[in-house]
Amino acid sequence: MSTLHIDRVSRWFGNVVAVNDITMTIGPGVTGLLGPNGAGKSTLIHMMSGFLAPSSGSVTLETGGTASGAPAPVDGAGDGERTPPPGTPVWRHEESYRHIGLVPEREGMYDFLTGHEFVLANAELHQLSDPRAAAAEALATVEMEHAQDRRISTYSKGMRQRVKMASALVHQPSVLLLDEPFNGMDPRQRMQLMELLRRMGDEGRTVLFSSHILEEVEQLASHIEVIVAGRHAASGDFRKIRRLMTDRPHRYLVRSSDDRKLAGALIADASTAGIEVDQQEDALRIQAVDFTRFTALLPRVAREHGIRLYTVSPSDESLESVFSYLVAA
Amino acid sequence: MFHPTVARLTYRALLGRRRALLLCALPALLIVVACAVRAMNGADDQVTTQLLGGFALATMVPLIGVIAGTGAIGPEIDDGSVVYLLSKPVRRTSVILTKLVVASGVTVVFSAVPVFVAGFVLNGNSQQIAVAYTVAAAVASLAYSALFLMLATLSRHAVVIGLIYALIWEALFGSLVSGAKMLSVQQWSLALAEKIAGAGAEITSDVALPAAIVLLLVAVVGSSALAGQKLRSLTLAGED
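On a predicted model such as this, the values are computed, not experimentally measured, just so you know.

Q: Explain the domain arrangement of chain A residue by residue, including any values.
A: Domain annotation of chain A identifies domain 1 (2–66 + 84–244) and domain 2 (249–325). Averaged C-alpha coordinates put domain 1 of chain A and domain 2 of chain A at centres separated by 42 Å.

In structure tokens, the structure reads:
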């Protein structure tokens, strides 16, 4: 059992703040790190995996039970009033990798090796007692034995992803960090990987994966951390976050044969919170509070009043607007 | 300290098809020229010194050092695959030392060995010239490998910087500005060659032997230490 403590972590690159004062604890089970592209997910994962120093704050790894007297963290805890987070800082600490498995997003991976050679090399670098057996087991776990003797340069994206996964699993880490693992996978591979990650979470490992796709995260993660523009926007159970996302007010732009008549009919229903007649656009701007009810109401009302609908378009359906709603919530 | 897996990954990356061809080109040229010179002129100590000193040690060794030294780690850092090497409980100094051993081994094979062969072809090792230049090339191989390996951990443009150093500093600047010769791997290794070869071989260095040895050691140890430090805090660039 291992826990990653991210304590008041910020990271800036020159004038750009990529991660802004984030505090979270990642414990056993599957956690989804959700956020739009460029939100700082990769930056955070790089800091969790010891490949980037936090500009301020600390990332520490607490390994349960068998911790061999890990020294208390020295840096990152400047003031006296807060107790420093438990565990050992990951940055500049090679021994952390005995507990961490990392699946990076980038593709570079010794393409001149075969899949088996690659995983075996990873096992040897971990100084495992039986690297061959470990490599064979990891390749079996990701179901890549059939292609293990082909060069990695001949692999499809999904196959590369699975071999990367095998290399991260080869030493049975208690923490598994995956940066956008489902990118470029076909639906079947996606399901297999989800199944595997779910299993690892059930075994008590700490599994964290990043994604910008809500459906992916809610299928797999019991716990979700949402990051938007470098800030920690929401944290918790996926049902709670899902509800926040569907219950938020939806905006629509509607053009019809009789805008004012339609507006009058719609505002009578509780699913509509406000309607504006946009003279310039010659359209209605409707704010709906109950998404499901409104989508059923609109066509019915139009038919009942003999109004023809020309345009019905959601005006804020982009993921970014969904996320920024979450930040405000 | 020496990690066999790191070594295997490094030399397989280094001796990939295209790079191996590149590494073979200059030594092949040296030996062909040596054969031609010998066939046309016969054995001549002065020509031997000119060819081994002027071409082999001044141009070929640094160029091969650039290819092997930067190639031992640069491409891994560029494409991000170095992550797999570094996300392991392996000491960074051990990664650097292993890569240094492999890079200098490759440089020795592709530069010092051909120098030895060419030296024997040219004058049959008269006045120990072939041996002297071979030793110089081997020592220079180690120093160049260490320097360019370090450079590859510091900059993405290590190859260009290495080429500028090898061609402009060592070859051109060094012969114009006398102070520059003090800071020249070529001159340091020449100091060794001067000591080994006979007095009539006319091998001269601008650096005294003790100073040369100290500077060589400083260069190798210093750049390896710096490279190890740099690797400890290697940062991944985000793709987005």
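After that view, the rundown keeps rolling.
Q: Let's hear about the pairing of strand β13 (residues 283–288) of chain A: which residues, and what values?
A: All names here are of chain A. Two strands pair when backbone bridges link them, and strand β11 (residues 250–256) and β13 are joined in this way by five bridges, in the antiparallel orientation. Bridging across to β13, Y252 finds its partner in I286. With antiparallel pairing between neighbouring strands as the criterion, strand β12 (residues 272–278) and β13 make up a hairpin whose turn holds four residues, including D282 at a positive phi of roughly 55 degrees.

Q: So, the confidence of the model for chain B: which residues are in play, and what are the values?
A: On average, residues of chain B score 91 in pLDDT, and 98% of them are at 70 or above. Among the scores for the predicted complex, ipTM is 0.92 and pTM is 0.84.

Q: Could you give an account of the UniProt feature "transmembrane region" (unreviewed entry) in chain B, naming the residues involved and the relevant values?
A: Residues and elements named next belong to chain B. According to UniProt, the positions carrying the feature "transmembrane region" (unreviewed entry) are residues 51–74, 95–122, 128–151, 158–180 and 207–227. Structurally, residues 95–122 comprises 100% helix and 0% strand, and the distance from its first C-alpha atom to its last is 40 Å. For residues 128–151, the end-to-end C-alpha separation is 34 Å, with 96% helix and 0% strand making up the annotated structure.

Q: Please give an account of helix α1 (residues 4–14) of chain B that cites residues and values.
A: Those residues of α1(B) lying buried are B:T5, B:V6, B:A7, B:L9, B:T10 and B:L14. Residues of α1(B) that are buried make contact with α2 (115–125) of chain A together with α2 (17–41), α3 (45–71), α5 (82–86) and α6 (92–123) of chain B.

Q: Could you give an account of the pattern of salt bridges, with specific residues and numbers?
A: Counted according to the given criterion, the structure contains 21 salt bridges over all chains. One salt bridge connects A:R205 with A:E203, and the closest N-O pair in it is separated by 3.0 Å.

Q: How would you sum up the sheet that holds β13(A)? Please name residues and give values.
A: All names here are of chain A. Taken together, four strands build an open sheet; the order of strands is β12-β13-β11-β14 and the sheet is antiparallel. The two strands at the open ends of the sheet, each matched to only one other strand, are β12 and β14 (309–314). Between one strand axis and the next, the sheet turns by 20 degrees as a mean value, whatever way the strands run. Judged from the six bridges that link them, β12 and β13 form a sheet pairing that is antiparallel. Paired with T272 across the strands is A288, a residue of β13. Helix α8 (residues 259–267) rests against β11, β12, β13 and β14 of the sheet, and its axis sits at about 170 degrees to β12. Sheet strands touched by helix α9 (residues 291–304): β11, β12, β13 and β14. Its angle to β11, the strand with the most contacts, is close to 10 degrees.

Q: Got a sec to walk through the interface of chain B and chain A? Specific residues and values, please.
A: With 35 residues of chain B at the interface, the matching set in chain A holds 30 residues. When the two sides are added together, the surface that chain B and chain A hide from each other amounts to roughly 3200 Å², 56% of it contributed by carbon and sulfur. For the interface between chain B and chain A, the tally reads four salt bridges. Put simply, B:R12 and A:E117 hold a salt bridge, and the shortest N to O gap is 3.1 Å. Put simply, chain B and chain A have eleven residue pairs in polar contact (both at pLDDT 80 or more) between them. Those elements giving two or more residues to the side of chain B that touches chain A turn out to be α1, α4 (74–79), α5 and α10 (209–232) of chain B. Element by element, the count of residues in the side of chain B that touches chain A is highest for α1(B), at six residues. A class-by-class count of the residues in the side of chain B that touches chain A yields 14 nonpolar, nine polar and twelve charged.

Q: Talk me through the packing of aromatic side chains; I want residue IDs and the actual numbers.
A: A complete count under the given rule lists nine aromatic pairs over all chains for this structure. Geometrically, the ring pair formed by A:F118 and B:Y84 is edge-to-face, given 4.9 Å between the ring centres and 75 degrees between the ring planes. Placement of A:F118 in helix α2 and of B:Y84 in helix α5 is noted, with the two residues assigned to different chains. The buried category is assigned to A:F118, whose relative accessible area is 1%. Consider the rings of B:Y144 and B:F148, whose centres lie 5.9 Å apart with planes at 0 degrees: the pair is stacked. One end of the pair, B:Y144, and the other, B:F148, are both in helix α7 (residues 129–154), four residues apart, so they sit about a helical turn from each other. The pair B:Y144 / B:F148 is uniform in exposure class, with both members buried. A network of ring pairs unites the aromatic residues A:Y110, A:F112, A:F118 and B:Y84 as a single cluster.

Q: Could you give an account of the sheet that holds strand β4 (residues 56–63) of chain A, with specific residues and numbers?
A: Residues and elements named next belong to chain A. The four strands are arranged β2-β1-β4-β5 in an open sheet whose pairing can be described as antiparallel. Two strands lie at the open edges of the sheet, namely β2 (16–26) and β5 (88–89), each paired on one side alone. Direction of pairing for β4 relative to β5: antiparallel, over a ladder of two bridges. Bridge assignment links T60 to a residue of β5, and that residue is P89.

About the criteria used
Residues numbered from 1 in each chain as written. Chains lettered and ligands numbered in written order. Predicted model: local features only at pLDDT ≥ 70, side-chain atom pairs only at ≥ 80, totals over all residues. Heavy atoms only, no water. Domains from an automatic or database assignment. Pairing = 2+ DSSP bridges. Helix = DSSP H or I, 4+ residues; strand = E, 2+ residues; numbered from the N terminus. pLDDT = per-residue confidence, 0-100. UniProt positions renumbered as here; feature names shortened; annotations may be inferred. Buried < 20%, exposed > 50% of the residue type's maximum accessible area, 1.4 Å probe, protein only. Contact = heavy atoms within 4.5 Å. Salt bridge = Lys/Arg side-chain N within 4 Å of Asp/Glu carboxyl O. Axes fitted to C-alpha atoms, helices over the stretch in contact; angles between N-to-C directions. Buried area = accessible area lost by both parts, 1.4 Å probe. Polar contact = N/O pair within 3.5 Å; in protein donor to acceptor, adjacent residues only side chain to side chain. Nonpolar A, V, L, I, M, F, W, Y, C, P; charged D, E, K, R; others polar. Phe/Tyr/Trp six-rings, centres within 6.5 Å; stacked < 30°, edge-to-face > 60°.

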